[in-house]
Structure formats: structure tokens, C-alpha cells
Amino acid sequence: MFWFLLITMVVVVAAVTLAVVGGGESEVLPEAAPEQLVDPLPAARPVDRADVEALRLPVAVRGYRMADVDDVLVRLGAELAERDARIAELEEALTGGGGGPGSGPAFGSGFGPAPDSGSGPAPGPGSGDVEDGRS
């Protein structure tokens, strides 16, 4: 009984090995194509947060594919530079194009120094003046 099981096991292992290696003209396991970036960043519109969160780069033998990572970084860098230029343009238009020292954004946007309403120390709590809610 032992010899029968041993011979059967050798035959099964040989058959599986032949099937995997492809012992004929036809290949059982075709050559796998390299993994490509499935869902790249959209070209027709600006990139938003959801696009970056959904981005999955394909993995190569030693990490990520450098070409795909470089493409994504170049695209994100261009998008950031474009947005920075647009923000600077809008801030310039908001300030009226003055751009001199001490001119900050208009409308009290919270950026830059607060406008000085007079000389001397600011009134403290309990001084009878109405506060604007800032502390």
C-alpha cells in the first residue's frame, strides 16, 4: 500500500509540474503584462481631493513604477503652481493692486495685521465698550 501511495504522489506531482511549466506548444500560463496605471488623473478638468485619494499607483518589483510616479508628481506640481498663481491674482485684485507696505487683504479676511482703530492700549473687558467677539 505504501508503494502505491508513493507512486501515485510522484505521478500527481509530475502532472502538475508539467501543466504549470507548459510541456507543449501551448502555454498554460501566459506571460503577464506589466501593471499599468488604471485610472490616471483627469486631463479634462483640474484635479481635486477625491482624484488624489482614489489614485492607486501600480506596484513593480522594487516599489512603484518610477514613470507613473513622475507623471503624477509633474501633474500635481503643475496644478499647484496654477492654483498658486490664481490665488495670487485674486488677492492682488482684492487689494486693489496697491501692493504697498502695510496693505493687506481687504474686508478683514483674517490674514495680516488687524486694522488699528486708534492709539493707546486696547480696551479691556469690562470697560463698557462693545466687543466684536474676538478674544
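Right above here is the structure, for reference.
For the structure given in this document, a descriptive report is provided here. (Residues numbered from 1 in each chain as written. Predicted model: local features only at pLDDT ≥ 70, side-chain atom pairs only at ≥ 80, totals over all residues. Heavy atoms only, no water.)

A few words on the overall build of the protein chain. Regarding its fold elements, the protein chain presents 3 helices and 2 strands. The N-to-C order of helical and strand elements in the protein chain reads α-α-β-β-α. Looking at the protein chain residue by residue over its 135 residues, the buried ones come to 7%. Counting contacts in the protein chain only where the partners sit at least 6 residues apart, residues at least 24 apart contribute 40% of the total. (Helix = DSSP H or I, 4+ residues; strand = E, 2+ residues; numbered from the N terminus. Buried < 20%, exposed > 50% of the residue type's maximum accessible area, 1.4 Å probe, protein only. Contact = heavy atoms within 4.5 Å.)

Pairing between side chains of opposite charge can happen when the charged atoms of each approach one another. Applying the stated criterion across every chain yields a total of 7 salt bridges. Among the salt bridges present, the one from Arg 49 reaches Glu 53, with a minimum N-O distance of 2.8 Å. Here Arg 49 and its partner Glu 53 are both found in helix α2 (residues 49-54), 4 residues apart, which amounts to about one turn of the helix. The class for Glu 53 is partly exposed, based on a relative accessible area of 45%. Note that Glu 79 is salt-bridged to Arg 75, the shortest N-O span being 3.0 Å. Taken together, the residues span about one helical turn, with Glu 79 and Arg 75 both in helix α3 (residues 66-94) at a distance of 4 residues. (Salt bridge = Lys/Arg side-chain N within 4 Å of Asp/Glu carboxyl O.)

It is worth spelling out a nonpolar patch on the surface at this point. A surface patch of nonpolar side chains, amounting to about 860 Å² of accessible area, comprises Phe 2, Trp 3, Leu 6, Ile 7, Met 9, Val 10, Val 11 and Val 13. Tracing the sequence through the fold places Val 10 in helix α1 (residues 2-21). (Patch = residues over 30% accessible without salt bridge, like charges linked within 9 Å, V, L, I, M, F, W, Y side chains within 5 Å. Areas by Shrake-Rupley, 256 points an atom, 1.4 Å probe, with all protein chains shown as cover.)

A few words on the side chain of Glu 79. Residue Glu 79 is classed as buried on the basis of its relative accessible area of 11%. Setting aside its immediate chain neighbours within four residues, Glu 79 contacts Arg 45, Pro 46 and Val 47.

A word on α1. Compared with an ideal rise of 1.5 Å per residue, which puts 20 residues at 28 Å, α1 spans 29 Å between its outermost C-alpha atoms and is within 8% of the ideal. Judged by how many residues are buried, α1 sits mostly at the surface: 0 of 20 residues are covered. (Expected span 1.5 Å × (residues − 1).)

Purely geometric numbers; function is a separate question.
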